[in-house]
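Report on the structure
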Amino acid sequence: MNSIQRTATPPNRVGLSQAVGDAMTIAWRNIRGGWRVPDNQIYMFIQPIMFVLLFAYVFGGAIPIPGMEDDPTAYKRYLMAGIFAQTMAFAVAPASVGLADDMQKGLIDRFRSLPMARSGVIAGRVIADLANQVIVLAIMIVCGLLVGWEIENGVLGFFGAVGLLLLFAFAMLWVGAFIGLSVGNPQVAASAGLIWLFPVVFLSNAFIPTPTLPGWLQPIAEWNPVSAFVAATRELFGNPSMFAADTFASNHPVLLSLIWVVVIVGIFAPLAVRKYKAAATK
Amino acid sequence: MNAISAEGLVKTFGTGDKAVKAVGGVDLTVPEGTVVGLLGPNGAGKTTAVRMLTTLLQPDAGRALVAGHDVVREPQAVRSLIGLSGQYAAVDETLTGRENLWLFGRLYQLSSKQAKKRADELLEQFSLADAGDRTLKTYSGGMRRRLDLASSLIVHPEILFLDEPTTGLDPASRLDLWDVIRERVAEGATILLTTQYLEEADALADNIVVIDHGQVIAEGTADQLKAQIGGERIEVVVHDSEHADSAEQILNLSSGGQCDRDTHTRKLTVPTHTGSKGLIQVIRDLDEAGVTIDDIALRRPTLDDVFVKLTGRHAESETEAADTAAGRAAS
């Protein structure tokens, strides 16, 4: 009956190749399962399209870009990087909801009782959601081009911008993983994942040029991590970008974004794994 | 040799005034190849104990060895040797039964091919072959539990932890699952089973550990525990309440004890020291006297009686007790 033989003395440490394998297995499970619930996926793709259309046509005429008041395409060219970055940041939600759901249903307990890598469940979630974000970003880029946005900086800049946006999503997914494992309830995770993110995104240069803000808000908005990613994306796409103050944030947005990726992942990846290890079914 | 041994396990949740000692110094041994039932009401600390033994939770104090490995220092070794089936059916609803088993097989570090083969075997063994390619959303509660149990058997673990495997199942599915568990026992598995159902521990376990408020309050075989509260009783249900008087006389005479009478259910109960001999005598006497009976049985005390004796409370949770009471009132 023993068609499967175990190793006599099981190893107590998990090697890197096993960790990668476990993460891919979990990623498979998340993607496979995710597509069986088409509502979630459709909502995930429709929301960014809605944002593109709303901002391009509803706010587009009302928000002038300083110095480019006569250019009717100016706001669309300015706006798109902001919507891209916002959508990447919102990856927090599916990651936190997915892990909270696994926790509530007792699946995390099952995974934790298996001889798999401790990082596997979270890494698998991050990989699966990142794959979704690639599709979302592709849809948005097409959508943006259709409403009049332009890629103004050649192929290298384009791929640089796409890569940076996905790095931003990658970093935010770890934040989402931490939130999801902390609250352990998908309903709570849905709001806990996003409620703080709205003010953070809106208090940036994503949708409005920061020089139009009141003076005391300008430094907050310009040093906001979201602004770094948005400005870096604008720079790489060759879209119009502007800052009120001449600072490190305004001069080196790409470098600053990369620093933020390291900082965010450096803080939230260990926190998330720690939460996972201590996770208790609620 | 002991497959599971724990000494002085302690787990406290919360701090300060709100601290709750979920498990307060539990000793537990499960010899290889036996079934131990951890019996207690809701909130007794059963699940917390199992979570510590399966490496899901770090004990605050104490020590536990599972398959010879320390659960705190060698958790990964323990995990690769045990199977755990929780009280929540911890399987993925969005995947099919086959995909679930493949997924868990992969995470037990089987190759994709091995995992596929094992999934097929288990679906067959658990009568889920026809449902194997449907997502779990379409499964009944009993099917989910079967799949959950199958998931814990992927690597033929010699040690199984079953945390309330039949809670919430209908009686037919419960019996079904008992059969599956008995098959594992017949194959030589060591099982630690938690349950709030007395008849479940009685039916499956060699040894029963009664736990309440995080403490072991009794331990022994079902028979030993039952013996703690005295001997056997003869129960008679007479067909016609007019015959109750003569039946009571006969019971008092033949057993030399004091008969207990429930007019409403027409049930008479009397303690006896003569076992089945006494029972036969009673049947003869009743027959001679022309008393028609609906039911007669030699009853040993139930584990519920043991629980009441030990804790002053019924082992059933309050809602279940209320349900039973309502059921009795209705019948």
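As annotated in an unreviewed UniProt entry, chain B carries the name ABC-2 type transport system ATP-binding protein and is attributed to Haloactinopolyspora alba. According to the UniProt record, the Subcellular location (unreviewed entry) comment for chain B reads "Cell membrane". According to its UniProt record, chain B has this under Sequence similarities (unreviewed entry): "Belongs to the ABC transporter superfamily. Drug exporter-1 (DrugE1) (TC 3.A.1.105) family."

If you look chain A up in an unreviewed UniProt entry, it shows as Transport permease protein from Haloactinopolyspora alba. The UniProt entry for chain A carries the following comment under Sequence similarities (unreviewed entry): "Belongs to the ABC-2 integral membrane protein family."

Let's talk about the UniProt feature "domain: ABC transmembrane type-2" (unreviewed entry) in chain A
This chain's UniProt record puts "domain: ABC transmembrane type-2" (unreviewed entry) on residues 39-279 of chain A. In residues 39-279 of chain A, the share of helix is 74% and the share of strand is 0%. The end C-alpha atoms are 28 Å apart.

Details of the UniProt feature "transmembrane region" (unreviewed entry) in chain A
Residue and element names in this part refer to chain A. Mapped onto the present numbering, the UniProt feature "transmembrane region" (unreviewed entry) falls on residues 42-66, 78-100, 121-149, 155-181, 188-208 and 254-273. Helix makes up 62% of residues 188-208 and strand 0%. Its end C-alpha atoms lie 30 Å apart. Between the end C-alpha atoms of residues 254-273 there is a gap of 28 Å, over a span that is 100% helix and 0% strand.

Section: the interface of chain A and chain B
Listed as interface residues are 34 residues of chain A and, on the opposing side, 44 residues of chain B. Taking both sides of the interface into account, the surface hidden between chain A and chain B amounts to around 3,600 Å²; carbon and sulfur atoms contribute 58%. If you look at where chain A meets chain B, you find five salt bridges. On the surface where chain A and chain B come into contact, there are 13 residue pairs in polar contact (both at pLDDT 80 or more). Counting residues per element, the side of chain A that touches chain B draws most heavily on helix 1 (residues 16-35) of chain A, at eight residues.

A look at the nonpolar core
Judged by nonpolar contacts, the single largest core of 127 residues is most densely connected at Phe84, Phe111 and Ile122 of chain A. Ranked by the residues each element gives to this core, the list is headed by helix 7 (residues 154-183) of chain A, at 17 residues. Counting residues in hydrophobic clusters, the runner-up holds 28 residues, among them Val26, Met52, Val71 and Leu84 of chain B.

Focus: the domain arrangement of chain B
Each domain of chain B was delimited in the assignment, giving domain 1 (2-227) and domain 2 (232-299). For domain 1 of chain B and domain 2 of chain B, the distance between their C-alpha centres works out to 43 Å.

Parameters at a glance
- Here the residue numbers are simple positions, counted from 1 along each chain's written sequence.
- Chain letters start at A and ligand numbers start at 1, both assigned in the order the entries are written.
- Only residues with pLDDT of at least 70 are given local features in this predicted model, and only at 80 or more are side-chain atom pairs given and counted; all residues enter the totals for whole chains, interfaces and linings.
- Hydrogens and waters are ignored; side-chain quantities use all the structure's heavy atoms.
- UniProt positions are given in the numbering used here, feature names are shortened, and annotations may be inferred rather than shown by experiment.
- Only DSSP runs of H or I with at least four residues qualify as helices, and only runs of E with at least two residues qualify as strands; both kinds are numbered from the N terminus onward.
- Contacts between residues were defined by any pair of non-hydrogen atoms, one from each residue, lying within 4.5 Å.
- Defined here as a combined quantity, buried area equals the accessible surface (1.4 Å probe) lost by two parts on assembly, summed across both.
- Salt bridges are counted wherever a side-chain nitrogen of Lys or Arg sits within 4 Å of a carboxyl oxygen of Asp or Glu.
- Counting of polar contacts relies on pairs of N or O atoms within 3.5 Å, with two restrictions inside protein: one atom must be capable of donating a hydrogen and the other of accepting it, and residues adjacent in sequence are counted only when both atoms are side-chain atoms.
- What is meant by a nonpolar core is a set of buried Ala, Val, Leu, Ile, Met, Phe, Trp, Tyr and Cys residues, joined one to another through side-chain atoms within 4.5 Å.
- Relative accessible area decides the class of each residue, using a 1.4 Å probe on protein chains only: under 20% of the type maximum gives buried, over 50% gives exposed, and in between gives partly exposed.
- Start and end positions for the domains come from either an automated domain assignment or a database one.

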